[in-house]
Amino acid sequence: MALVTTTEMFKKAYDGGYAIGAFNVNNMEIVQGITDAAWELKAPVILQASAGARKYANSVYLVKLVEAALEMYPELPVALHLDHGSSFELCKDCIDNGFTSVMIDASGKPFDENIAITKQVVDYAHERGVVVEAELGTLAGIEDDVKVSAEDSSYTNPDDVQEFVERTGVDSLAIAIGTSHGAYKFKPGTDPHLRFDILHEVENRLPGFPIVLHGASSVPQEYVKIINEHGGALKDALGVPEDQLREAARSAVCKINIDSDLRLGMTAGVRQALAEDPSVFDPRTYLKVGRANVKAIVAHKIKDVLGCEGKAF
Ligand code: G3H
Ligand code: 13P
Ligand code: ZN
């Protein structure tokens, strides 16, 4: 099967009360870890590349790596998505070069400007069979080089969503309900809770429409511990509680974005392998352990958080 768009994935996920995992990819080991798990569990999957990933690996390599995974698992439904596209030109480049889905993130711009740029991307994408995700509301955290402080973040206003979707023709919408990017989402000692009231209000205004949750890493403490026990310094790293992600997956949220958890798994594996045998200097020895962690994390998400095991066919 060639790469697919997210249209059918989202329809089934919406109706079935589960979500598709959208995992960030930056190198071969990450692509392999994710797709090995998705194949074993027969789960549809979205592989997404940020502008930072493109800068690091070069978009050509990323597209070819994803194509290689498809050659390994031809029956697996895989979408290739641009994460946080910041301009029409960047989205256009991805649309022209094999991506089946793009995000235009103009959430930091005024409402009408966000609508105008999103519509421009939608018009270009739809003519070429590519789908588009946009964002309303602003998440805190770091995406590429843009850092949004907690004070500058803002929840999505449910009053805006219907007009935004109608005027842009966008295919899915990322909303801000209290998640944030990175490994430091909540202060220790606080009680993290997502704004399900906002999510449900959005659902009421947009029946049947797929919602996207960014910043949805749960920051597994077992990996944070391994990192810290092997020379790392991740103090007070905290993520979204998994029961809240499960609840989100049962709702209109059809796509759940996970990057930080994979970074933690990869880093824990590499640190542990190097610490356990300081004589190692073959990258395969430690990258293999990182890749196995990525696979284990994705398998856990598919089975216990997203609920998309067995939904590939
Ligand atoms: O949304 C942000 C993702 O975690 C991508 O991060 O831009 O550092 O690749 P990155
Ligand atoms: P995390 O940092 O929580 O993994 O979020 C990733 C994300 O939203 C990518 O777009
Ligand atoms: Zn994001």
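All figures in this text were calculated on a predicted structure; none of them were measured in a lab. (Residues numbered from 1 in each chain as written. Chains lettered and ligands numbered in written order. Predicted model: local features only at pLDDT ≥ 70, side-chain atom pairs only at ≥ 80, totals over all residues. Heavy atoms only, no water.)

With that settled, consider the UniProt feature "active site" (unreviewed entry) in the chain. Here, UniProt's "active site" (unreviewed entry) annotation points to D83. Residue position: D83 is located in strand β3 (residues 78-85). Among all residues touching D83, those that are not within four sequence positions of it are N24, Q48, A49, S50, A51, M103, H214 and N257. (UniProt positions renumbered as here; feature names shortened; annotations may be inferred. Helix = DSSP H or I, 4+ residues; strand = E, 2+ residues; numbered from the N terminus. Contact = heavy atoms within 4.5 Å.)

Right, let's get into helix α6 (residues 111-127). An ideal rise of 1.5 Å per residue puts 24 Å on 17 residues; α6 measures up with 24 Å between its terminal C-alpha atoms. For α6, the full list of buried residues reads N114, I115, I117, T118, V121, V122, Y124 and A125. Next to the buried residues of α6 lie α5 (88-96), β4 (101-104), β5 (131-136) and α7 (158-168). Taken from the residues just after α6, G129 is the one with a positive phi, measuring 75°. (Expected span 1.5 Å × (residues − 1). Buried < 20%, exposed > 50% of the residue type's maximum accessible area, 1.4 Å probe, protein only.)

As a further point, take the nonpolar core. In this structure, I34, L173, I211, L213 and I256 are the most contacted members of the largest nonpolar core, which totals 105 residues. Among the elements that make up this core, the one with the highest residue count is helix α12 (residues 283-306) (8 residues). (Core = buried A, V, L, I, M, F, W, Y, C linked by side-chain atoms within 4.5 Å.)

Surrounding the zinc ion (ligand 3) are the protein donor atoms H84 (NE2), H181 (NE2) and H214 (ND1), at 2.0 to 2.1 Å. Donor residues for the zinc ion (ligand 3) sit on one chain with the sequence pattern H-x96-H-x32-H. With H181 in the loop between β8 (172-175) and α8 (196-205) and H214 in the loop between β9 (211-213) and α9 (221-229), this pair connects stretches of sequence that are 33 residues apart. (Donors = N, O, S within 2.8 Å, 3.2 Å for Na, K, Ca; no water.)

Glancing now at the site of ligand 2. Around ligand 2, a shell composed of 16 residues is seen, among which D83, K185, S217, D259 and S260 lie nearest. Interatomic distance of 3.0 Å between a side-chain N/O atom of H181 and an oxygen atom of ligand 2. Interatomic distance of 3.1 Å between a side-chain N/O atom of H214 and an oxygen atom of ligand 2. The set of elements that each furnish at least two residues to the shell around ligand 2 consists of β3 and β10 (253-258). A breakdown of the residues in the shell around ligand 2 according to their chemical character gives 2 nonpolar, 11 polar and 3 charged. (Near = heavy atom within 4 Å. Polar contact = N/O pair within 3.5 Å; in protein donor to acceptor, adjacent residues only side chain to side chain. Nonpolar A, V, L, I, M, F, W, Y, C, P; charged D, E, K, R; others polar.)

Under the UniProt annotation, "binding site: Zn(2+) 1" (unreviewed entry) lies at H84, H181 and H214. Spatially, the listed residues are clustered: although they cover 131 residues, their C-alpha atoms lie within 11.7 Å of one another. With respect to the element layout, H84 can be found in strand β3. With a relative accessible area of 8%, H84 lands in the buried category. The class for H181 is buried, based on a relative accessible area of 14%. Among the polar contacts made by the side chain of H181, one reaches the side chain of H84 at a distance of 3.2 Å.

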